[in-house]
Amino acid sequence: MTFTTSRAGRFAKLGALVAVAGLSLSLAACSGGSSDSEDSGDASSSSSSEAKLSTPTIIKEGNLTVCTGDSPPNIYYDENNELIGVEIDLAKAFAERLGLKTVLEEYNFSGLIPALQAKQCDVIMGSLYIKPEREEIANFVPYLYSGTGVGVSKENPADVTGFDESLCGVKVVAITGATGGSGAEELSKKCEADGKEPLDITLVDEGVNAVQQVIAGQVEAFVDTSEIMGFYQKQTDGDISMVGEPSDKIRIGAATLKDNSELNKALDETFQSMIDDGSYLEILEKWDVESNDITKAE
């Protein structure tokens with residue numbers, strides 16, 4: 001597995017971060033992939049079996065190179081600067097069963113698809129919603145369900161009740177390029193059409209920054225996935241929490257280039273084997289996200 005320790009330090013436990021200097025976080029946004037990566041030597045990231053894929057199906061012999069990002073609990077850095085999470089475990093399982101070593105390249109969410117198109121990685125596993133416009137660019141192997149959630153501070157000064165018109169005229173924060181941001185923009189248009197004030201939307205590159213702004217009172221709500229809201233609620237001991245029910249349930253999946261049907265097929269067959277032997281459910285149970293099981297009826 002490969003990751004950049006200089007970036008990893010920024011994603012240490014949020015609980016520690018929010019306690020420092022009255023939430024005065026100074027986190028530089030990532031501008032690209034992990035160009036200064038170093039091998040972590042994680043033995044669990046590789047398999048002793050013969051590799052089932054080779055170039056040009058994968059960009060580097062012996063490796064499954066995965067574009068990923070910051071989207072807890074699916075992907076995040078722990079206090080030991082190790083990338084962990086649901087999708088990290090899924091990526092490792094895919095690679096191991098294909099006889100490959102896992103290489104992780106970190107990008108801002110908005111940079112994931114451009115990195116795939118530039119062949120900086122073989123597959124995106126970065127909480128990427130499967131949407132029609134993305135399916136024009138990539139093939140997907142769906143592996144999780146997700147939904148939109150709204151996080152607010154304990155005070156909830158704007159009396160937000162969920163992803164609804166209680167957000168009209170409210171200052172909200174979302175992640176650049178993520179579906180939460182585009183959803184907020186659509187809701188803002190609806191507010192205006194109904195004669196109400198539009199949402200005042202701020203976009204940031206990292207969830208930690210968004211949470212900081214909510215708790216500090218700079219904005220009144222954070223719009224992103226429901227699982228992210230659950231994660232930050234735990235990390236901040238309830239200083240931010242989700243209001244209302246998740247909306248707009250949608251699939252998340254592994255994205256490969258449209259012309260790389262061989263890799264898509266290999267990942268699809270590998271995922272099915274994980275469903276069949278129960279290892280997929282074990283990963284979900286490990287991270288307490290059984291409700292995101294893609295095999296359950298929508």
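As a reminder, the structure under discussion sits directly above these lines.
These numbers come from a predicted model, not from an experiment.

Engineer: Lay out the state of the cysteines with the relevant residues and their values.
Structural biologist: For the structure shown, the criterion picks out 2 disulfides. Covalently, Cys 168 is tied to Cys 191 through a disulfide, its sulfur atoms 2.0 Å apart. Its S-S torsion of about -80° marks the bond between Cys 168 and Cys 191 as left-handed, since a negative value means left-handed. With Cys 168 in the loop between strand S8 (138–153) and strand S9 (171–175) and Cys 191 in helix H6 (residues 179–193), this pair connects stretches of sequence that are 23 residues apart. An identical accessibility class is assigned to Cys 168 and Cys 191; each is buried. Indicated for the protein chain is the disulfide connectivity 1-2, 3-4, based on numbering the bonded cysteines in sequence order.

Engineer: Break down the pattern of salt bridges for me, with residues and values.
Structural biologist: Following the criterion strictly, the structure yields 8 salt bridges and no others. As a salt-bridge pair, Glu 165 and Lys 190 come within 2.6 Å of each other at their nearest N and O atoms. In this pair, Glu 165 sits in the loop between S8 and S9 while Lys 190 sits in helix H6, placing the two residues 25 residues apart along the sequence. Judged by relative accessible area, which is 43%, Lys 190 ranks as partly exposed. For Lys 190, the salt bridge is made with Asp 194, and the minimal N-O distance between the two is 3.1 Å.

Engineer: Any chance you could break down the environment of Leu 116 for me, citing the residues and the numbers?
Structural biologist: Take Leu 116: it is sitting in helix H4 (residues 112–117). A relative accessible area of 1% means that Leu 116 is categorised as buried. Considered as a pair, Leu 116 and Leu 257 are 141 residues apart in the sequence and their alpha carbons are 7.0 Å apart. When sequence neighbours within four positions are dropped, the list of residues in contact with Leu 116 reads Cys 121, Asp 122, Val 123, Ile 124, Ala 138, Ala 255, Thr 256 and Leu 257.

What counts and what doesn't
- Residues numbered from 1 in each chain as written.
- Predicted model: local features only at pLDDT ≥ 70, side-chain atom pairs only at ≥ 80, totals over all residues.
- Heavy atoms only, no water.
- Disulfide = S-S within 2.5 Å.
- Helix = DSSP H or I, 4+ residues; strand = E, 2+ residues; numbered from the N terminus.
- Buried < 20%, exposed > 50% of the residue type's maximum accessible area, 1.4 Å probe, protein only.
- Salt bridge = Lys/Arg side-chain N within 4 Å of Asp/Glu carboxyl O.
- Contact = heavy atoms within 4.5 Å.

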